[in-house]
Amino acid sequence: MSYERTDLYCGVFQWQAADGQAPVIRPTVPPPSFVPDPRTGRRLRISTIQASTPAICPACSCRAHGGFVSFEDDLRIAYACPRCMELIWIKGA
Ligand SMILES: [Zn+2]
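Structure report, in brief. (Residues numbered from 1 in each chain as written. Predicted model: local features only at pLDDT ≥ 70, side-chain atom pairs only at ≥ 80, totals over all residues.)

**Concerning the overall build of the protein chain**
- Regarding its fold elements, the protein chain presents 0 helices and 8 strands.
- A globule of 93 residues ought to have a C-alpha radius of gyration of about 12 Å, and the protein chain, at 13 Å, matches this closely.
- Its C-alpha atoms give the protein chain principal-axis dimensions of about 40 × 30 × 20 Å.
- Counting over 93 residues, the protein chain shows a buried share of 22%. (Helix = DSSP H or I, 4+ residues; strand = E, 2+ residues; numbered from the N terminus. Rg over C-alpha atoms; globule rule 2.2 N^0.38 Å. Buried ≥ 20, exposed ≤ 12 C-beta atoms within 10 Å, placed from the backbone.)

Right, here's the structure in full:
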């Protein structure tokens, strides 16, 4: 039986158990247009969403297929780690 969660990553991604390589996928429902800033609560408008992208998590160092979100007025990028099961915020360049 497959197991999935849509309550993670502010609804931007869907987490799916097993079947190997792509546990963080685009949700079956349309993703939100905004994600709240974890520090200020300000709504950040999403610019791009990339799901199932090979990456190394900056928080837990796990190599996985996670998801990336970039924002229109913010240089940070949020990484959806399949192991941490939350958005990890990465400082932009
Ligand atoms: Zn992680």
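**Looking at the sheet that holds strand E6 (residues 63–71)**
- Taken together, the 5 strands give an open sheet; going across it, the order is E4-E5-E6-E7-E8, and neighbouring strands pair in antiparallel fashion. Of all the strands in the sheet, just strand E4 (34–36) and strand E8 (86–90) have a single pairing partner and so form its edges. If you compare each strand with its neighbour and ignore which way they point, the axes differ by 45 degrees on average.
- Both E4 and strand E5 (residues 43–56) contribute to a ladder of 3 bridges, which runs antiparallel. Its bridge partner being in E5, Pro36 is matched across the sheet by Arg43. (Pairing = 2+ DSSP bridges. Axes fitted to C-alpha atoms, helices over the stretch in contact; angles between N-to-C directions.)

**Looking at the environment of Leu44**
- Structurally, Leu44 is set in strand E5.
- Between the C-alpha atoms of Leu44 and Phe71, which are 27 residues apart in sequence, the distance is 6.4 Å.

**Quick notes on the environment of Thr28**
- Relative to the assigned elements, Thr28 resides in the loop between strand E3 (24–25) and E4.
- A tally of 8 C-beta atoms within 10 Å means that Thr28 is categorised as exposed.
- Residues Thr28 and Gln14 lie 14 residues apart in sequence; the distance between their C-alpha atoms is 7.9 Å.

**Description of the pairing of E8**
- In terms of strand pairing, strand E7 (residues 77–81) meets E8 through 5 bridges, oriented antiparallel. Paired with Tyr79 across the bridge in E8 is Ile88.
- As consecutive antiparallel partners, E7 and E8 are separated by 4 residues, and within that stretch Met85 has a phi angle of approximately 60 degrees, a positive value.

**Digging into the pairing of E5**
- Linking E4 to E5, which pair antiparallel, is a turn of 6 residues; within it Gly41 sits at a positive phi near 80 degrees.
- When E5 meets E6, the two strands line up antiparallel, connected through 8 bridges. Within the sheet, the bridge partner assigned to Ile49 lies in E6 and is Val69.
- Turn length for the E5-E6 hairpin, with the two strands adjacent in sequence and antiparallel, is 6 residues, and the turn residue Ser61 shows positive phi of about 60 degrees.

**Quick look at the sheet that holds E3**
- Taken in spatial order, the 3 strands make up an open sheet running E1-E2-E3, and their pairing is antiparallel. One side of each edge strand has no neighbouring strand; the edge strands of this open sheet are strand E1 (4–5) and E3.
- Here 2 bridges tie E1 to strand E2 (residues 14–16), and the two strands are oriented antiparallel to one another. Its bridge partner lying in E2, Glu4 is registered against Gln16.

The values reported here are purely geometric and, on their own, carry no functional implication.
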